[in-house]
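Survey of secondary and tertiary structure
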Amino acid sequence: LWAGPKEPDRRKESTASPAYATEEELEALPPVLMITAGHDMLGEEAEQLVYRMVEAGVTVTARRVLGADHGFTVRRKPGYEVAESLIFGFLKQLYE
């Protein structure tokens, strides 16, 4: 399933996938919270992006929720409570 641009030449734009962001684009990011699921085929790609963001000087909070599947937060599947707590805590910290 691909939800990005239909034109193949646009699929590697950072607006289609942050994995294609340039160093300059990464450096401009605000603090980031990245939550990945233990059983997610995209989790490894997301965690590689975390390393790139850290190398670019971005403040990153990253957490892998073991045992969780892709989409677990929106589907309220096991582990969503952990993710919600991280999200609310992250937002509270940003806006205090």
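Check the entry above for the structure.
Just so it is clear, the structure is predicted and the values come from calculations on it, not from any experiment. (Residues numbered from 1 in each chain as written. Predicted model: local features only at pLDDT ≥ 70, side-chain atom pairs only at ≥ 80, totals over all residues. Heavy atoms only, no water.)

Despite not being glycine, R76 shows a phi value in the positive range, around 55°. Looking at the secondary structure, you find R76 in the loop between α3 (72-75) and α4 (80-95). (Helix = DSSP H or I, 4+ residues; strand = E, 2+ residues; numbered from the N terminus.)

A few words now on the environment of E55. Take E55: it is sitting in helix α2 (residues 43-55). You can call E55 exposed: its relative accessible area is 67%. (Buried < 20%, exposed > 50% of the residue type's maximum accessible area, 1.4 Å probe, protein only.)

A separate point is the nonpolar core. Of all hydrophobic cores here, the largest spans eleven residues; its members are A21, L26, V32, M34, A46, L49, V50, M53, A56, V58 and V60. For this core, the secondary-structure elements that each account for two or more residues are β1 (32-39) and α2. The greatest single-element share of this core, amounting to four residues, is contributed by α2. Sequence-distant contacts of L26, defined by excluding residues within four places in its chain, comprise A21, L49, R52, M53, A56 and V58. (Core = buried A, V, L, I, M, F, W, Y, C linked by side-chain atoms within 4.5 Å. Contact = heavy atoms within 4.5 Å.)

We now examine the pairing of β1. One ladder, built from seven bridges, connects β1 with strand β2 (residues 60-69); its direction is parallel. Along β2, the bridge assignment pairs V32 with V60. The parallel pair β1 and β2, bridged by α2, forms a crossover whose chirality is right-handed. (Pairing = 2+ DSSP bridges. Right-handed = clockwise from strand over helix to strand, strands pointing away.)

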